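Next come the chains, spelled out residue by residue.
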Amino acid sequence: MDFKVGSLDTPKPANGDVGSLPANHVSTLKTSTSSTQLCSAEATLGRHLARRLVQVGVSDVFAVPGDFNLTLLDDLIAEPGLKLVGCCNELNAGYAADGYARSRGVGACAVTFTVGGLSILNAIAGAYSENLPIICIVGGPNSNDYGTNRILHHTIGLPDFSQELRCFQTVTCYQAIVNNLEDAHEQIDTAISTALKESKPVYISVSCNLSAIPHPTFSREPVPFCLAPKLSNSLGLEAAVDAAAEFLNKAVKPVMVAGPKLRVAKACDAFLELADACGYPVAVMPSAKGLMKETHPHFIGTYWGAVSTAFCAEIVESADAYIFAGPIFNDYSSVGYSLLLKKEKAIIVQPDRVVIANGAAFGCVLMKEFLPALAKKLQRNTTAYENYHRIYVPEGLPPRCDPKEPLRVNILFKHIQKMLSGDSAVIAETGDSWFNCQKLKLPEGCGYEFQMQYGSIGWSVGATLGYAQAAKDKRVIACIGDGSFQVTAQDISTMLRCEQNTIIFLINNGGYTIEVEIHDGPYNVIKNWNYTALVDAIHNGDGKCWTTKVQCEEELVEAIETATEVKKDCLCFIEIVVHKDDTSKELLEWGSRVSSANSRPPNPQ
């Protein structure tokens, strides 16, 4: 008899929701009496791990070899449907897994013990903060060395192998130390399923001598995962919906705001359903850009306090009720804690909890079930959107550049806007690209990613590599500052090896501009590189690559035309030379407010 379980082997989860199980695919399996018997060469721990990765939707593992993981890498390479992508360093491998997970729903990376593990740790911490399920695999010590009081290489010289584990415990939701074959199957399956359920990274250490050994627990093709869906408490859901509907239906001009946890809650479609039903104006928090259709008729832009898009903050902050779905209010998203919001006006919907103003809180209520249920109970109210429509004045265009006038950043982004389509995706590096990319109007289907919660400078190079490897149907446009690029530039090499056709705009303004606007000093000035020559040297005639340096609008127009036509199959690296003080007005405002928050004096004791 056949039975069906949720298949995890599709290339991308529905709606781009991280860690979601596609709803429109099923895999038909035979009962255990007819399960495939594997030959002993394939019935190993390493091959089991590789097959599991393929099952959950991973077709690329970003890796850096080291003596403790080499045999395991052999097993990963041997698995059909799985490609090993060698990165230049572990940090970039982690960032690539991060970018991959944003597109595909889950990512994976593989490094060696301690020297590799501690190098990738920063990227895993960033993925944890952004709720991305990444399977971080480490080749561990020989199983015979545990408990022997021996000192191993690649460690800090102590006979304690737990240093790496202790570091990962704070930035992963599950840790598996696989140093025997008897429970390896259970540990691996538990780790991977926990990553998917919690939408957080997990750590799996595999002893270097175990990967290739056959074992009976791996002798059959593993049954694909079928994760039991989380369900709301039905009474709690009903009570939360009634309370929220009563609160919102009394309001005169309510609004909706999307937050970044829409993704982990797998509630993007549910939020859209509510927006369609209620008629409220719809804004997004900055780190939720790309999670809500910007072509929606009631979309009003990014709500980011004092640096919101035009007329958005005025509508949100003057509302008498607002529903925030999945918000994160930190010092960056709140512009130094300066948002003009009042708790008594707010309904806060988290992935599994609803709080009504200063009143009741409802636990065990899933956002993806709460929002559609609320949509059925709300009275349609377009008052706030009509107010927005009345006061809205279309944004002006930046002044035209004179012939051969030095290029301005606002002119650059005017032209990037014209490049966007449903077949493109934008990666915005930490820095002024945050603010300039926020103002881009995304066509339906256009991807958008940046790392706001963790804000790691240099993240975008690896993330661009990973995202482009996962989303081969899109051409990625990455906006990267020169300071950030200097941190992680090496993996341009891996992009070329993978034959990617990303367009990278390297914005060269001579330093760490975002830090300048928070607190300036000589440490924010960096050594200028010949960036195009560097990329040409990395290219070294191997692969498809085109570079150019742009200093005026005429050169920019020509460069974009070349990148999108003649060189559309190439990795295109366009260095944009701009003045060191050419920043967005939003960064100037944001930087001063964040600086003020950072420099608050101690409270009196």
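Residues numbered from 1 in each chain as written. Predicted model: local features only at pLDDT ≥ 70, side-chain atom pairs only at ≥ 80, totals over all residues. Heavy atoms only, no water.

(A) Examining the overall build of the chain more closely. Regarding its fold elements, the chain presents 20 helices and 21 strands. Compactness check: the chain gives a C-alpha radius of gyration of 25 Å against a globular reference of 25 Å for 605 residues, within 12% of the reference. Along the first, second and third principal axes, the C-alpha atoms of the chain reach 70 × 65 × 60 Å. In the chain, which comprises 605 residues, the share counted as buried stands at 57%. Accessible area of the chain: about 24,600 Å², with a carbon and sulfur share of 52%. (Helix = DSSP H or I, 4+ residues; strand = E, 2+ residues; numbered from the N terminus. Rg over C-alpha atoms; globule rule 2.2 N^0.38 Å. Buried < 20%, exposed > 50% of the residue type's maximum accessible area, 1.4 Å probe, protein only. Areas by Shrake-Rupley, 256 points an atom, 1.4 Å probe, with all protein chains shown as cover.)

(B) Broad picture of empty space enclosed by the protein. Scanning all chains against the criterion turns up 5 cavities of 30 Å³ or more. In this structure, the largest cavity spans a volume of roughly 250 Å³. Lining the largest cavity are 19 residues, and of these E130, P260, R263, S287 and I328 sit closest to its centre. Residue classes in the lining of the largest cavity are distributed as 7 nonpolar, 6 polar and 6 charged. The volume enclosed by the second largest cavity comes to roughly 200 Å³. Around the second largest cavity, the lining is made up of 20 residues, and of these G431, D432, G481, N509 and T513 lie nearest the centre. Taken together, the residues of the lining of the second largest cavity break down into 6 nonpolar, 10 polar and 4 charged. (1 Å grid on protein atoms, 1.4 Å probe; cavity = no way out; pocket = protein on both sides within 12 Å on 5 of 7 lines; lining within 4 Å. Points joined across faces, edges and corners; volume = space filled by probe spheres on them. Nonpolar A, V, L, I, M, F, W, Y, C, P; charged D, E, K, R; others polar.)

(C) Local environment of the nonpolar core. Membership of the largest hydrophobic core comes to 101 residues, with the highest contact counts inside it found for F62, F413, F485, F505, I574, I576 and W590. Counting residues per element, this core draws most heavily on helix α14 (residues 459-470), at 7 residues. The contacts of I574, once residues within four sequence positions are left out, are I503, I504, F505, L506, W546, T548, V550, A559 and A563. Counting residues in each nonpolar core, the second largest holds 41 residues, with A275, V284, A321 and V354 among its members. (Core = buried A, V, L, I, M, F, W, Y, C linked by side-chain atoms within 4.5 Å. Contact = heavy atoms within 4.5 Å.)

(D) Representation of the UniProt feature "domain: Thiamine pyrophosphate enzyme central" (unreviewed entry) in the chain within the structure. Here, the residues flagged by UniProt with the feature "domain: Thiamine pyrophosphate enzyme central" (unreviewed entry) are residues 241-357. Taken end to end, residues 241-357 is 22% helix and 22% strand, and its two terminal C-alpha atoms sit 14 Å from one another. (UniProt positions renumbered as here; feature names shortened; annotations may be inferred.)

(E) Representation of the sheet that holds strand β5 (residues 107-112) in the model. Pairing is parallel across the open sheet formed by 6 strands, whose spatial order is β4-β3-β5-β6-β8-β7. Among the strands making up the open sheet, the edge pair consists of β4 (83-86) and β7 (175-178). Neighbour to neighbour, the strand axes of the sheet diverge by 20° on average, direction disregarded. Contacting β3 (60-63), β4, β5, β6 (134-140) and β8 (202-207), helix α2 (residues 70-78) crosses the sheet at an angle of about 130° to β4. Sitting on the sheet, helix α6 (residues 184-198) touches β6, β7 and β8, and the angle it makes with β7 is about 160°. (Pairing = 2+ DSSP bridges. Axes fitted to C-alpha atoms, helices over the stretch in contact; angles between N-to-C directions.)

(F) Looking closely at helix α1 (residues 45-55). The buried count for α1 comes to 10 of 11 residues, which makes it a mostly enclosed element. For α1, every residue scored as buried is listed here: L45, G46, R47, H48, L49, A50, R51, R52, L53 and Q55. Backbone geometry just after α1 places G57 at a positive phi near 105°.

(G) Geometry of the side chain of S143. Tracing the sequence through the fold places S143 in the loop between β6 and α5 (163-169). Among the polar contacts made by the side chain of S143, one reaches the side chain of N209 at a distance of 3.0 Å. In this structure S143 touches N179, S207, N209 and L210, once residues within four positions along its chain are discounted. (Polar contact = N/O pair within 3.5 Å; in protein donor to acceptor, adjacent residues only side chain to side chain.)

(H) The arrangement of the pattern of salt bridges in detail. Counted under the stated rule, the structure contains 20 salt bridges. Among the salt bridges present, the one from E449 reaches R102, with a minimum N-O distance of 2.8 Å. A residue pair is termed long-range when its members are at least 10 positions apart, and E449 in strand β17 (residues 447-449) and R102 in helix α3 (residues 90-104) qualify at 347 residues. Across this residue pair, the class does not change: E449 and R102 are buried. (Salt bridge = Lys/Arg side-chain N within 4 Å of Asp/Glu carboxyl O.)

(I) Molecular detail of the confidence of the model for the chain. The predicted model of the chain has a mean per-residue pLDDT of 90, with 93% of residues at 70 or higher. Taken as a whole, residues 1-35 scores under 50 in pLDDT and shows 74 contacts with residues more than four places along the chain or in a different chain. (pLDDT = per-residue confidence, 0-100.)

(J) Representation of the domain arrangement of the chain in the model. We note that the domain assignment places domain 1 (40-218), domain 2 (234-391) and domain 3 (409-591) within the chain. Between the C-alpha centres of domain 1 and domain 3 the distance comes to 30 Å. Facing the 23 residues of domain 1 at the interface are 24 residues of domain 3. Together, the buried faces of domain 1 and domain 3 total about 1,900 Å²; carbon and sulfur atoms form 54% of this surface. Contact with domain 3 buries area across many residues of domain 1, yet N92, Y95 and R102 alone supply 29% of it, more than any other trio. Inspection of the domain 1/domain 3 interface yields 1 salt bridge. (Domains from an automatic or database assignment. Buried area = accessible area lost by both parts, 1.4 Å probe.)

(K) Spotlight on the pairing of strand β12 (residues 321-325). Here β12 lies mainly inside the structure; 5 of its 5 residues are buried. Residues A321, I323 and A325 line one face of β12 and the alternating positions Y322 and F324 line the opposite face, and both faces are buried. By the bridge criterion, 5 bridges tie strand β9 (residues 254-258) to β12 in an arrangement that is parallel. Of the residues in β12, the one forming a bridge with V257 is F324. As paired strands, β12 and strand β13 (residues 346-350) are joined by 4 bridges and run parallel to one another. Of the residues in β13, the one forming a bridge with A325 is V349.

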